[in-house]
Amino acid sequence: MNVFKTIHKSAWVSVLSLALLSSCDKGFEELNTNPDASPFIQPGYMFTKAQMDVFSNSYYSTGVLAAGGSMQHYATYKDVPGIGDKYYFQQGSYPYDYFQNAYPTAVNEITEVIRAVSGNPAQVNLLSVARIWRVYTMHRITDLYGDIPYSEAGKGLTDNLYTPKYDAQQAIYADMLKELEEAAAAFNASQATMGTADLIYNGDITKWKKLAYSLMLRLSMRMTKVDAASAQTWAKKAIAGGVITTDADVARINYVANGQNFNWNPYAAALRGADLSTSSFGQNNTEGGKFAKTFIDHLKTTQDPRLGVLSVVWRNEGTTPRPST
């Protein structure tokens, strides 16, 4: 056996294999690039998605009324028998739904918007709006769950940080108030806005500033039982800055009644599709969608004028407003 010839032959095989491998790799990066995707964050598109996801995040993607059920608004919601309007530990994963859905969607999205527009003076209004919206996003989460990932949230992509630390709610509130104050002060009427990418105010920075101060007032009121002095300080700042005082300035997304379900109000879509369906007259979902006596009695006792708007009574094949008294 000629060892040298064998080695020589093996070397040629290796060279040929490398050549073939090299030829197979030619143009691979281009072939593996999605032509329909952008390699860069588009702040407007991402911001629109972040707005939608904050309002839509709930039990199931359609936004079925888990939040209301967990707050004792509904009777016998999804748990049998009849404990929807009681204080209890709800079975399954329902209580954690907003936490689990908010971080991979709304939190990550608004964090990426902030990262994309930070450091560019021409995009200061985009940054301020994004900071305010992140406060609103995190405000909902911490009010539901207390101590949550906050300062390190949304850093999986940039820092490979997939286990962010939990921050104390007191520290979270302090930072949210700071963010609102700085964001409101940084608005510049001479610079570009989110424009039509903003589903709430269509880029109107005057209204965004009012929302910032209104959120500041809301946060300060939450603090009255734990830090009255700070609560008073921030409440005065908010009122001096200018809060929302008219319905025209209320932060809302105007959903549409037609087209794809994604464009519908998720809560209305859920009710329309099951609980208040015209074909079922409220009989399709006997476990949910019915207001609890506890809730209705409270509205009556406090003479809440919204009762006749919030609640209807099904009679035969139609509805009548629930009387306010």
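Details of the structure are given in the entry above.
Below, the structure is looked at part by part. (Residues numbered from 1 in each chain as written. Predicted model: local features only at pLDDT ≥ 70, side-chain atom pairs only at ≥ 80, totals over all residues. Heavy atoms only, no water.)

1. Comments concerning the overall build of the protein
Part 1 of the argument: Within the protein, the secondary structure is distributed over 13 helices and six strands.
Part 2 of the argument: Looking at the 325 residues of the protein, the share that counts as buried comes to 37%.
Part 3 of the argument: Total accessible area computed for the protein in this model is approximately 19400 Å², and 57% of it derives from carbon and sulfur atoms. (Helix = DSSP H or I, 4+ residues; strand = E, 2+ residues; numbered from the N terminus. Buried < 20%, exposed > 50% of the residue type's maximum accessible area, 1.4 Å probe, protein only. Areas by Shrake-Rupley, 256 points an atom, 1.4 Å probe, with all protein chains shown as cover.)

2. Considering the packing of aromatic side chains
For any two aromatic rings, the description comes down to two numbers: the centre-to-centre distance and the angle of the planes.
Part 1 of the argument: Taken as a whole, this structure holds eight aromatic pairs when the rule is applied.
Part 2 of the argument: Relative to W208, the ring of F47 has its centre 6.1 Å away and its plane inclined at 55 degrees; by these criteria the two rings are tilted. Remark: W208 occurs in helix α9 (residues 205–222) and F47 occurs in helix α3 (residues 43–56); sequence separation between them is 161 residues. In terms of burial, F47 and W208 fall into one category: buried.
Part 3 of the argument: Centroid distance W133 to W208: 6.1 Å. Interplanar angle 85 degrees. Geometry classified as edge-to-face. Within this pair, whereas W133 is found in helix α6 (residues 124–145), its partner W208 is found in helix α9, the two being separated by 75 residues in sequence. The same class applies to W133 as to W208, namely buried. (Phe/Tyr/Trp six-rings, centres within 6.5 Å; stacked < 30°, edge-to-face > 60°.)

3. Re the side chain of H139
Part 1 of the argument: Topologically, H139 is positioned in helix α6.
Part 2 of the argument: When its relative accessible area of 2% is taken as the criterion, H139 is described as buried.
Part 3 of the argument: Setting aside anything within four residues of it in sequence, one finds H139 in contact with Y173, M176, L215, R218, L219 and R222. (Contact = heavy atoms within 4.5 Å.)

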